[in-house]
Amino acid sequence: MELVEAIRRRRSVRKYKSDPIPEKTVRELLELAAWAPSGMNSQPWFFVVVEGKEYLKDLSDRSKAFLLERMGEMPALETYRALLSNPDLNIFYSAPVLVLIYGNTNAFTYVNDCSMAALNLMLSAWDRGIGSCWIGFARGFCGTPDFRDELKVPPEYELVAPVILGYPSDPPAKGVRKEIKVTFHQK
Ligand SMILES: Cc1cc2nc3c(=O)[nH]c(=O)nc-3n(C[C@H](O)[C@H](O)[C@H](O)COP(=O)(O)O)c2cc1C
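Residues numbered from 1 in each chain as written. Predicted model: local features only at pLDDT ≥ 70, side-chain atom pairs only at ≥ 80, totals over all residues. Heavy atoms only, no water.

## Some details on the overall build of the chain
Scanning the chain from terminus to terminus reveals seven helices and four strands. The helix and strand sequence of the chain, counted from the amino end, reads α-α-β-α-α-β-α-β-α-α-β. Over its C-alpha atoms the chain spans a radius of gyration of 17 Å, differing by no more than 12% from the 16 Å that the globule rule assigns to 187 residues. Viewed in the frame of its principal axes, the chain has a C-alpha envelope of about 50 × 40 × 40 Å. Considering only contacts in the chain between residues 6 or more positions apart, those separated by 24 or more positions represent 83%. Roughly 11500 Å² of accessible area belongs to the chain as shown, and the carbon and sulfur atoms make up 55% of that amount. Here the chain carries 24 positive and 23 negative side-chain charges, and the mean point of each set is 7 Å from the other. (Helix = DSSP H or I, 4+ residues; strand = E, 2+ residues; numbered from the N terminus. Rg over C-alpha atoms; globule rule 2.2 N^0.38 Å. Contact = heavy atoms within 4.5 Å. Areas by Shrake-Rupley, 256 points an atom, 1.4 Å probe, with all protein chains shown as cover. Lys, Arg positive; Asp, Glu negative; His and termini not counted. Charge placed at Lys NZ, Arg CZ, Asp CG, Glu CD.)

Spelled out as structure tokens, the structure:
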């Protein structure tokens with residue numbers, strides 16, 4: 001697939017087949033993610049691959065509970081109260097794979113670096129017929145020290161990007177983009 005086509009056609013996928021992604025493919029996608037640029041070439045990412053239907057469903061429930069408990073501190077989340085209160089919502093959409101991209105906080109640019117690695121991951125996946133979606137709802141709980149300990153992530157790492165992967169069960173949705181705001185200056 002042409003790069004430009006992948007950029008234009010990639011969509012966040014929210015309906016997946018249950019087919020697993022071979023480990024070799026996941027490794028290849030992570031290797032491509034790591035070709036992202038990073039400040040001072042620090043490459044501060046730490047990839048955690050989580051699989052297992054039951055575990056991911058439980059993680060979704062824990063993530064929803066975490067956000068609902070903290071609604072008071074995060075007013076912007078109020079819009080999502082009804083959604084997050086729905087016991088049937090799996091925030092990971094039953095995708096077979098969750099990649100958590102943690103960044104080393106000692107690297108000044110770790111948030112930027114890990115975000116770019118996430119986009120590389122999503123575009124590389126799309127190129128191979130694999131759908132993805134960044135799951136911001138997972139950031140709170142999967143970023144807690146307790147969860148980091150559960151997955152043996154070193155304490156100097158913070159969660160930047162939770163990204164699900166899987167084979168889409170439906171054709172891609174039509175994308176929507178606003179007109180870009182831009183000004184050119186030639187002085
Ligand atoms: C930082 C970030 C957080 C996001 N969090 C969620 C999420 O929790 N759940 C979800 O379904 N989509 C989430 N998305 C996906 C966006 O909704 C999606 O990228 C946007 O609607 C544009 O659609 P497209 O990716 O298909 O082009 C997130 C995207 C980003 C970049």
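Here the narrative resumes.
## Quick look at the pattern of salt bridges
Evaluation of the coordinates by the stated rule reveals ten salt bridges. Note that K15 and D170 form a salt bridge whose closest N and O atoms lie 3.7 Å from each other. Of this pair, K15 sits in the loop between α1 (3-9) and α2 (23-33) while D170 sits in the segment after β4 (157-166), placing them 155 residues apart in sequence. On the basis of relative accessibility, which here comes to 52%, the residue K15 falls in the exposed class. The closest approach of N and O atoms between D127 and R128, which form a salt bridge, is 3.0 Å. Residue classification places D127 among the partly exposed residues on the basis of a relative accessible area of 32%. Each of E28, D127 and R128 takes part in salt bridges that share partners, so that together they form one network. (Salt bridge = Lys/Arg side-chain N within 4 Å of Asp/Glu carboxyl O. Buried < 20%, exposed > 50% of the residue type's maximum accessible area, 1.4 Å probe, protein only.)

## So, helix α5 (residues 110-127)
The first and last C-alpha atoms of α5 sit 26 Å apart over 18 residues, in line with the 26 Å expected at 1.5 Å per residue. Positive phi appears at G129, one or two residues downstream of α5, with a value of about 75°. (Expected span 1.5 Å × (residues − 1).)

## Structural notes on unusual backbone geometry
One non-glycine residue, M40, lies in positive phi territory at about 55°. Considering the arrangement of structural elements, one finds M40 in the loop between α2 and β1 (45-51). The phi torsion at Y93 lies on the positive side, around 50°, for a residue other than glycine. Following the sequence through the fold, Y93 ends up in the loop between α4 (81-85) and β2 (97-104). Judged by relative accessible area, Y93 falls into the partly exposed class, the value being 26%.

## Some thoughts on the nonpolar core
One finds F92, L100, Y102 and C142 to be the most contacted residues of the largest nonpolar core, which totals 32 residues. Counting residues per element, this core draws most heavily on helix α3 (residues 53-69), at four residues. In this structure, I21, L29, Y110 and A161 belong to the second largest nonpolar core, which totals 23 residues. (Core = buried A, V, L, I, M, F, W, Y, C linked by side-chain atoms within 4.5 Å.)

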